[in-house]
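Listed below, chain by chain, are the residues.
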Amino acid sequence: MTEIFGIPIQALMGQLMLGLVSGSFYAMLSLGLAVIFGMLNIINFAHGALYMMGAFLAWMGLEYLGIGYWPSLALAPLAVGVFGVVIERSMLQWLYKLDHLYGLLLTFGLALVIEGLFTNMYGVSGQPYTIPEELSGAFNLGFMFLPKYRAWVIVASLAVCFLTWFVIEKTRLGAYLRAATENPKLTQAFGINVPLMVMLTYGFGAALAGFAGVLAAPAIQVSSLMGSNLIIVVFAVVVIGGMGSILGSILTGLGLGVIEGLTKVFYPEASSTVVFIIMAIVLMIRPAGLFGKEK
Amino acid sequence: MADDYILETDALVKEFKGFVAVSDVSLKVRRGHIHALIGPNGAGKTTCFNLLTKFLEPTRGRIRFNGEDITLEAPAQIARRGIVRSFQISAVFPHLTVLENVRIALQRKLGGSFYFWRSDSTLSRLDDRAIELLAEVGLDSYVDMVAVELPYGRKRALEIATTLALDPELMLLDEPTQGMGHEDVDRVMQLIKKVSTRRTILMVEHNMKVVSGISDMITVLARGAVLAEGPYAEVAKNPLVIEAYMGTSEEAAQA
Amino acid sequence: MSRRAIAYLMLLAAGLAAPFFIYPVLVMKVLCFALFACAFNLLLGYTGLLSFGHAAFFGAAAYVAGHAIKVWGLPTELGLLAGTIAAGALGWAVGSLAIRRTGIYFAMVTLALAQMIYFFFLEASFTGGEDGLQGVPRGALLGFIDLSNDLNLYYFVLAIFVFAFWLIYRTIHSPFGQILKAIRENEPRAISLGYDVAKYKLLAFVLSAALAGLAGATKMLVFKFATLTDAHWHLSGEVVLMTILGGMGTVFGPLVGSSVIVVLQNELADKVGSLVTVIMGSIFVICVLLFRRGIVGEIIAFYKRMLGQKA
Amino acid sequence: QAKAVKLSDNMVKIGVLTDMSGVYSDLGGQGSVTAAQMAVEDYIAQAKPKFKIEVVYADHQNKADVGSNKVREWYDTQGVDMVTDVLNSGVAIAVAKVTQEKNRIMINTGAASTRLTNEDCTPNTVHYVYDTYALANGPGKAVTKAGGDTWFFLTADYAFGASLEKDTSDAVKANGGKVLGSVRHPLNASDFSSFLLQAQASKAKVVGLANAGGDTVNSIKAANEFGLTKSQRLVGLLTTIVDIHALGLPTTQGMMFTEGFYWNLNDETRAWSRKFFTKHKKMPSMLHAGTYSAVTTYLKAVQAAGTDDAATVMKKMRDTPVSDFFAKNGKLREDGRMVHDMYLVEVKKPAESKEPWDYYHIKAVIPGNDAYQPMALSRCPLVKK
Amino acid sequence: MMQAVEYLRIRDLHAFYGESHILHGMDLVVNSGECVSLLGRNGAGRTTTLRAILGLTGSRTGSIMVNGHETITMATHRIAQLGIGYCPEERGIYASLSCEENLLMPPQLSSGGMSLDEIYQMFPNLYERRQSQGTRLSGGEQQMLAMARILRSGARLLLLDEVSEGLAPVIVQKLGEIIRHLKEKGFTIVLVEQNFRFAAPLADRMYIVEHGRIAEEISQGEIGAKKELLQEYLGV
Ligand SMILES: Nc1ncnc2c1ncn2[C@@H]1O[C@H](COP(=O)(O)OP(=O)(O)OP(=O)(O)O)[C@@H](O)[C@H]1O
Ligand SMILES: Nc1ncnc2c1ncn2[C@@H]1O[C@H](COP(=O)(O)OP(=O)(O)OP(=O)(O)O)[C@@H](O)[C@H]1O
Ligand SMILES: [Mg+2]
Ligand SMILES: [Mg+2]
């Protein structure tokens, strides 16, 4: 059998596949962050908490109301989105004119509150959520058994990412969004309802996080801390991709998933640090990130 | 005499992704002159300034200052040689007072800017000189005001005072009178005239009143290249310049 | 004597008297974090650079000083000095890479480098992993003042704090500090005036890192151990919060902010059970929404308004 | 009627220092506080002591400085005599040092590190419930003997992970087994499938999980998804009933690991645990039961010694074997280790579970002397050899 | 001649930036199809007046009627939708959009805007640089873009702030022609200018702004007669 650095090529393919799965999560989460940063100029530290909320809402729906996976996939993100809108209206809207720092602090505080409340109610060890019947089992890809659910994660996340990218980069609405990002007051003076757009954007970003959460629920334990471990890596992804760049965060998310996957094989201890090494290198060479535009 | 020229550029070129913003500009600025750089919008004037102060890297060509090649030097180094610029969009230190703005510039000559263990009261001996400079531009009554609160025209005056504080050999002014009312324009014009006695000035200006009023030499740029050069009276009659820049109507020509 | 001098003297008196009224170890902890926050503020508040990796310097100095004292048997003073210098050197390395970037990218580069440093501490054997470098003796000052006595140690820590605080104050109000302010306000203009901006930023970064290190080393001495939490990014985040909560760009802000947070952490520990994170989170939310200038910043603003009305 | 006791401040104060909001809060946390309070109430009701007893508690937030500062303050200003729980080894070692300095007692029921009774042992430390050696040793030996003789480890890249792996490997090798490899993953890794794939590729019969908490839970979940459990046996090296409860039996059936306590062991354990359940709404973990036992043991020792002086109480505890619902044949050794029987358990199939929380088959009782690190290997300076 | 229709009527307008009170009771009227110029010294409050019309200042009080609608309490985008095009002093070109995207950005408010071709014909420079990132254009090109951008949207009332600033004399001249042309097409124009010589021949009426209120109103016919007044207020 062929080997690369002592690892059978088949195993390596498997690892690449898995990297793509975790990359899908990174892509979805960083996409939401990028959209929110792009529009609101806010570094949304609460993103991990919103992701956790998505997963928890799916679990609660099943536990208390008997709502299954598929309806949850739509309902939980919707609920998280509405929650996002409430946050935006009640708090974030007062911070737009200020330095990034304040948005970061506020959302950091929010993340603590949300996570603290869930910990208080449900403890930290989490709740199990089973894989829906239709998606249990695995595909035999020849080089590995790929659980159907993981394959579904890749498909779903790519679809959502592509749709978002298309809307923002290729439609009129997208051009309004980008204009509003840069100079909200002037854009409003051209007759565009910027406050509404901003509100919906945050809601949408939050919903994306919620969606990722529901996708994650069957794959990992639904627990109050599931988001806080992820958030800082997702930040790194957004920065490497280029703050605010939609395509950047999608591609970087997937790419980093794969790189991290390979690190897990060759130097597993460093697999959570590799992202930062790449970030440091990228920022040295391309100051605005891989896909970011320099001013 | 060759070294009568304080600044010379030799076939300076700047390309942006295939678009040539400055092409083959060989500029010669005579010591002691007020030299104006004019030209239609997008001709490459600001780009030229950016090249001279190394805020942009030239694609090709050389820059010589006092006969020395400075093409490869860093922006701060060029400033220390005595080439100081102002910006097209106003550039002051907004939350420092007017006095402090000027002092920042004076401080450089004093040395010891890295002495973090020293008290800043050692800087107060610069105050007199700073106030003197401010008086020259008519800002002496605003000494303790925070710079943001100044009206636009005064900000430009402050910028000039700050630039003067460095006692530059060569001053680069990018549209010094833009956005000013008539009174301010007159004042700034007189000011430039006044400070030019001991130094050379290269300025970009669209206001023909200023250009015709104080410049000794004019270079007209168009589409990145030199279109004409000479004193105002000569350039203003050049049909190429009239077509590309000045226009025909009496109103535009002397506004 | 000026009003300001009187205020400083009163604060100093309060510092001298504090251990007789408040539990001295707690006050020492407050002082260490206050120093950390002040050092951080030198960078954020006065240079406009948000470092998101300052815990790396704090932790590195704690480990180096701890190792020097415990394993190499260095005297306490030299141990602290070693830690401070190590942090400064690390600051120089991180700083020279990071200052090439600005804004959020600067923050992210510092975070990335700090994560690598953290990874090193995690893997290196001398740090003891998550168990920490434990049982560092406090030793004796100048060889004869026994520092295992809390009160002796307290005055030593207070002296360190006052010295460092003075140094920071001096730096802010020095010719160098003026240039830093100018750079923060308008960087291209500062360049065009002939200042080599990178050098100034780097010096500020190194100073800040070294003082953060001094804080870390001192904290190590107080508690006799250094652990991974000292270098974790949570602490980097916490110091940002302390600074903002107190009021960034004010001289006393970091002092107040860190006191509030350290005391809260200590007080809430046995009162609210698992609600502690909720309460901390709410405080930040409220602070950002209502007291944006931070505690000290709001007081100054209020004072100015009062003066303005009278005038 | 109890005899009079001479106390420093006419009061016995017990501090429960634990993680109330972080990753370990389900394992110890509020449950430990409840257990300690129950112990005190029960003791007062039974022994009717002449002295007052009080319980205080604090959240160390998994920060060694917060923890050691709180304990220092307890000792200096509140007259606390004994601290318990203290999970998280970093905090525990720091607290052990403070406790020695101030000459009080720490009965640690929470931390896993064997350093507490080796390099960092003190005359004032009791390590009461479990440690990495005991957790590793039991399954290492039993599973290997039962035919699981090739192992692969999934190890958290932390000191406790390394020592779990090392101790288990030693036991495996000593019993004729082979270790085929291991993979070190970072703490709180977001996704374990990659590591599990490597474990799968090793074709080892047994996959040892040398990690804890959320990492263990997520490893087990992924192991199921990738069908690893069909061909290989999972052995948790720091798995507790809290993890099994969180994951549910369908996912965890057939796993093996060592526990220091199981509520459904006998009538005595059931009686106490049901009582605990009415207060805490969850069945006790070994930490909770251990904390109850530790507090009771301590109070009895104070009563018997007639003083709260640390050295005297420690001596009394060394001299009196522990025998209660938690520990049979419990003995406190010179190095601070409380040696008691441990249980090798296997997780039931869902069908076999008769009631909620009925999770384990007890496969073997490991006698204390076999379970814990022999004194001969001790690196504790207090142990005279 | 038809009875003039008021398109914009401002009564007793006060506007603030934070705590500083900038406009102190502005009163002015602009009739439909008219070109009115606001003149004054630096800092007199002309820009602020334009911004106040669109609700871009801090708080404001008084009355602003646009085409018969009271707008003092409306949100900015609702005011703009009444048919206002604003060309700001600082130009406000979007860096994240290309030159052409910048042109296409303002949404269609009503029919009757110019087509892209017409605009490119008017400003050939922009055609040449249409793929360029908005803020990479030269100062003057940005000025043209800012002006051109609002001609597409079908706005009937144009608020132009210092549009001749930083432009080459030829372009200024051409801009004059464009504004004249726009007037013929029936646009209503408020022209804030520093450049009196540029504004004078274009404006039907002029207001002189001083300390946040109208100091003087001068109609086209009176310019010659009121030379002294102008000298006093503007120094021309
Ligand atoms: N960074 C850049 N990238 C691409 N093109 C640029 C860049 N900077 C300038 N240009 C282009 O180069 C040309 C010259 O610009 P420059 O700013 O030098 O003009 P200018 O002569 O100063 O004009 P104005 O009088 O309008 O300010 C313009 O067409 C502009 O679009
Ligand atoms: N954002 C702001 N915050 C506070 N004050 C402001 C602000 N913008 C403008 N001002 C002040 O309002 C006053 C009027 O400014 P405005 O811009 O309306 O003047 P202008 O007549 O347009 O003059 P200019 O020729 O300088 O553009 C000035 O004193 C200015 O300093
Ligand atoms: Mg220009
Ligand atoms: Mg204006």
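You'll find the structure just up there.
Every chain is numbered on its own, with residues counted from 1 as its sequence reads. Each chain gets a letter, beginning with A, and each ligand a number, beginning with 1, in the order they are written. The predicted nature of this model means local features are confined to residues of pLDDT at least 70 and side-chain atom pairs, given and counted, to a pLDDT of 80 or more, with totals for whole chains, interfaces and linings taken over all residues. Each side-chain value is derived from all of the structure's non-hydrogen atoms; neither hydrogens nor water enter the calculation.

*Asks:* Describe the site of ligand 2, and please don't skip the residues or the numbers.
*Replies:* In the vicinity of ligand 2, 15 residues are found, and the nearest of them are Gly 43, Arg 46, Thr 47, Thr 48 and Glu 89 of chain E. The rule for a residue being near a molecule or strand is that one of its heavy atoms must lie within 4 Å of it. At the site occupied by ligand 2, nearby residues are drawn from chains B and E. N or O atoms within 3.5 Å of each other form a polar contact, as long as, within protein, one can give a hydrogen and the other can take it, and as long as residues adjacent in sequence are counted only when both atoms are side-chain atoms. Within the backbone of Ala 44 of chain E, a nitrogen or oxygen atom sits 3.1 Å from an oxygen atom of ligand 2. In the environment of ligand 2, an oxygen atom lies 2.4 Å from a nitrogen or oxygen atom belonging to the side chain of Thr 48 of chain E. For the accessible areas, the method is Shrake-Rupley and the probe is 1.4 Å, while residue cover comes only from the protein chains on display. Look at ligand 2: alone it shows 630 Å² of surface, and the protein chains cover 68% of it. Contributions of two or more residues to the shell around ligand 2 are made by β2 (20-31) and α1 (46-53) of chain E. Helix and strand assignments come from DSSP, with helices taken as H or I runs of at least 4 residues and strands as E runs of at least 2, each series counted from the N terminus. Looking at the shell around ligand 2 element by element, the count peaks at three residues for α1 of chain E. Residues belonging to the shell around ligand 2 are distributed by class as follows: four nonpolar, seven polar and four charged. Just so you know the grouping, Ala, Val, Leu, Ile, Met, Phe, Trp, Tyr, Cys and Pro go in nonpolar, Asp, Glu, Lys and Arg go in charged, and all remaining residues, Gly too, go in polar.

*Asks:* A description of the site of ligand 1 should follow, citing residues and the corresponding values.
*Replies:* Near ligand 1 there are 20 residues, and of these Lys 45, Thr 46 and Thr 47 of chain B together with Arg 136 and Gly 140 of chain E occur at the shortest range. Looking at the residues close to ligand 1, they fall on chains B and E. Separating an oxygen atom of ligand 1 from a side-chain N or O atom of Thr 47 of chain B is a distance of 2.5 Å. A distance of 3.1 Å is found between a nitrogen atom of ligand 1 and a backbone nitrogen or oxygen belonging to Arg 136 of chain E. Looking at the shell around ligand 1, the elements with two or more residues in it are β2 (19-25) and α1 (45-52) of chain B together with α6 (139-149) of chain E. Residue composition of the shell around ligand 1, grouped by class: five nonpolar, 10 polar and five charged.

*Asks:* A description of the packing of aromatic side chains should follow, citing residues and the corresponding values.
*Replies:* Where two aromatic rings form a pair, the distance of their centres and the angle of their planes describe that pair. Side-chain rings of Phe, Tyr and Trp (the six-membered ring for Trp) are treated as a pair once their centres are within 6.5 Å; stacked means planes under 30 degrees apart, edge-to-face means over 60, and tilted covers the remaining angles. Inspection of the entire model under this criterion finds 47 aromatic pairs over all chains. On the basis of an interplanar angle of 25° and a centroid distance of 5.6 Å, the ring pair of Phe 161 of chain C and Phe 165 of chain C is categorised as stacked. Of this pair, Phe 161 of chain C and Phe 165 of chain C both sit in helix α6 (residues 150-172), separated by four residues, roughly a single helical turn. This pair shows no difference in class: Phe 161 of chain C is buried, exactly as Phe 165 of chain C is. In textbook terms, an aromatic cluster arises when at least three aromatic residues are bridged by ring pairs, as seen for Tyr 128, Phe 261, Trp 272, Phe 276, Tyr 292, Phe 325 and Phe 326 of chain D. We call a residue buried when its accessible area falls under 20% of the maximum for its residue type, exposed when it is over 50%, and partly exposed in between, using a 1.4 Å probe and counting protein chains only.

*Asks:* An account of the pairing of strand β9 (residues 205-210) of chain E is needed here, citing residue identities and associated values.
*Replies:* Residues and elements named next belong to chain E. Summarising burial for β9: six of the six residues are buried, a large majority. Side chains of β9 alternate between two faces, with Arg 205, Tyr 207 and Val 209 and Met 206, Ile 208 and Glu 210 buried alike. Strand direction decides the pairing type here: strand β3 (residues 35-40) and β9, joined by five bridges, are parallel. For Val 36, the partnering residue across the bridge sits in β9 and is Arg 205. Strand pairing is assigned whenever DSSP detects at least two bridges linking the two strands. Here β9 runs beside strand β10 (residues 213-219); their pairing, made up of six bridges, is antiparallel. When the bridges of β10 are listed, Met 206 appears paired with Ile 218. Connecting the antiparallel pair β9 and β10 is a turn made up of two residues, with His 211 showing a positive phi of about 50°.

*Asks:* Break down unusual backbone geometry for me, with residues and values.
*Replies:* The phi dihedral of Gln 61 of chain D is positive, around 55°, even though this residue is not glycine. Relative to the assigned elements, Gln 61 of chain D resides in the loop between β2 (52-59) and α2 (64-78). Overall, Gln 61 of chain D belongs to the buried group, its relative accessible area being 16%. The phi angle at Glu 162 of chain E is positive, at roughly 50°, despite the residue not being glycine. Position of Glu 162 of chain E relative to the elements: it lies in the loop between β7 (157-161) and α7 (169-184). With a relative accessible area of 4%, Glu 162 of chain E lands in the buried category.

*Asks:* Can you tell me about the state of the cysteines, naming the residues and giving the values?
*Replies:* The disulfide criterion is simple: two cysteine sulfur atoms within 2.5 Å. Scanning all chains against the criterion turns up one disulfide over all chains. Between Cys 287 of chain C, a free cysteine, and Cys 38 of chain C, which holds the nearest cysteine sulfur, the sulfur-to-sulfur gap is 17 Å. Here Cys 287 of chain C falls in the buried class, since its relative accessible area comes to 6%. In this structure Cys 99 of chain E is a free cysteine whose sulfur lies 14 Å from that of Cys 87 of chain E, the closest cysteine sulfur available.

*Asks:* Give a description of the packing of helix α11 (residues 267-280) of chain D against helix α12 (residues 286-305) of chain D that names residues and reports values.
*Replies:* Residue and element names in this part refer to chain D. Comment: axis = line fitted to C-alpha atoms, over the contacting stretch for helices; angle = value between 0 and 180 degrees taken between N-to-C directions. Close contact between α11 and α12 brings their axes to 12 Å; oriented N to C, the two are set at 110°. Here α12 runs roughly perpendicular to α11, going by the angle between their axes. Residues Trp 272, Phe 276 and His 280 of α11 form the contact with α12, whose participating residues are His 288, Ala 289 and Tyr 292. Class assignment of the residues belonging to the contact of α11 with α12 gives a composition of four nonpolar, two polar and no charged. In what follows, roughly perpendicular refers to angles from 65 to 115 degrees, roughly parallel to angles under 35, roughly antiparallel to angles over 145, and oblique to any angle outside these ranges. Note on definitions: a residue-residue contact is assigned when non-hydrogen atoms from the two residues lie within 4.5 Å.

*Asks:* Kindly report on the coordination of the magnesium ion (ligand 4), identifying the contributing residues and their values.
*Replies:* Residue and element names in this part refer to chain E. Coordination here is defined by N, O and S atoms within 2.8 Å of the metal (3.2 Å for Na, K and Ca), and since water is not considered, a site can look incomplete. Coordination sphere of the magnesium ion (ligand 4), protein contribution only: Thr 47 (OG1) and Glu 89 (OE), at 1.8 to 2.3 Å. Here the residue Thr 47 occupies a position in helix α1, and Glu 89 occupies one in the loop between β6 (84-87) and α3 (99-104), the gap between them amounting to 42 residues. On the basis of relative accessible area, Thr 47 is assigned to the buried category, the value being 15%. Residue class for Glu 89 comes out partly exposed when judged on its relative accessible area of 37%.

*Asks:* Account for the sheet that holds strand β11 (residues 225-230) of chain B, with residues named and values stated.
*Replies:* Backbone-to-backbone hydrogen bonds join strands into a sheet, with any given pair of strands oriented parallel or antiparallel. Residues and elements named next belong to chain B. With respect to topology, six strands assemble into an open sheet ordered β7-β8-β9-β4-β10-β11, the strand pairing being mixed. The sheet is open, and its two edges are formed by β7 (83-85) and β11, each paired on a single side. Neighbour to neighbour, the strand axes of the sheet diverge by 20° on average, direction disregarded. Sheet topology note: the β7/strand β8 (residues 170-174) ladder contains three bridges and is parallel. Residue pairing across strands places Arg 85 opposite Leu 172, the latter belonging to β8. Helix α6 (residues 182-195) contacts β4 (34-38), β8 and β9 (200-204) of the sheet and is inclined by roughly 150° relative to β9.

*Asks:* Explain the interface of chain C and chain B residue by residue, including any values.
*Replies:* At the junction of the two partners, chain C supplies 26 residues and chain B supplies 36 residues. Here, a salt bridge means any side-chain nitrogen of Lys or Arg that lies within 4 Å of a carboxyl oxygen of Asp or Glu. At the junction of chain C with chain B, the criterion picks out zero salt bridges. Summed over the shared surface of chain C and chain B, the result is 10 residue pairs in polar contact (both at pLDDT 80 or more). Among the secondary structure elements, those contributing two or more residues to the side of chain C that touches chain B are α6, α7 (175-185), α8 (187-192) and α9 (197-223) of chain C. Per-element accounting of the side of chain C that touches chain B gives the leading share, seven residues, to α7 of chain C. Here the residues of the side of chain C that touches chain B sort into 13 nonpolar, seven polar and six charged.

*Asks:* Describe the packing of α12 of chain D against helix α13 (residues 310-319) of chain D, naming the residues involved and giving the relevant values.
*Replies:* All names here are of chain D. Contact pair α12 / α13: the axes reach a minimum separation of 9 Å and the direction vectors enclose 110°. Accordingly, the angle class assigned to the pair α12 and α13 is roughly perpendicular. As for how α12 packs across α13, the hand of that crossing is right-handed. Contacts from Thr 297, Tyr 298, Ala 301, Val 302, Ala 304 and Ala 305 of α12 reach α13 at Thr 312, Val 313, Lys 316 and Met 317. Its residues assigned to classes, the contact of α12 with α13 shows seven nonpolar, two polar and one charged. With the far helix as reference, a near helix turned anticlockwise by less than a right angle produces a left-handed crossing, and one turned clockwise produces a right-handed crossing.

*Asks:* Go over the nonpolar core with me, naming the residues and quoting the values.
*Replies:* Nonpolar side chains tend to gather and get buried jointly when the protein is soluble and globular. Among the nonpolar cores identified, the biggest contains 467 residues, and Tyr 130, Tyr 298, Leu 299 and Met 317 of chain D together with Leu 8, Phe 123 and Leu 160 of chain E are the most heavily contacted of them. Here the element with the most residues in this core is helix α2 (residues 24-47) of chain C; it accounts for 19 residues. Summarising the domain contributions, this core has at least three residues from each of domain 1 (1-82 + 170-255) and domain 2 (92-167) of chain B. With near-sequence residues (within four places) excluded, Leu 160 of chain E lies in contact with Leu 50, Cys 87, Met 147, Ile 150, Ile 179, Ile 189, Val 190, Leu 191 and Val 192 of chain E. For the purposes of this section, nonpolar cores are sets of buried Ala, Val, Leu, Ile, Met, Phe, Trp, Tyr and Cys residues that join through side-chain atoms within 4.5 Å. Counting 23 residues, the second-largest nonpolar core is a separate cluster that includes Cys 48, Phe 49, Leu 51 and Ile 78 of chain B. The source of the domain bounds is an automatic or database domain assignment.

*Asks:* Residues and numbers for the arrangement of the chains, please.
*Replies:* The interface with the highest contact count, out of six pairs of chains in contact, is the one between chains B and C. Across the gap from chain A to chain B, with no contact made, the nearest C-alpha atoms are 13 Å apart.

*Asks:* Go over the sheet that holds β6 of chain E with me, naming the residues and quoting the values.
*Replies:* Residues and elements named next belong to chain E. Strand order in the open sheet formed by six strands is β6-β7-β8-β3-β9-β10, and the pairing between neighbours is mixed. A strand with exactly one partner marks an edge of an open sheet, and here the two such strands are β6 and β10. When strand polarity is set aside, the average angle formed by the axes of neighbouring strands in this sheet is 15°. In this sheet, strand β8 (residues 188-192) lies alongside β3 in parallel orientation, the contact comprising four bridges. The residue of β8 that forms the bridge with Leu 38 is Val 192. Against the sheet, α7 touches β3, β7 and β8, its axis set at about 150° to β8.

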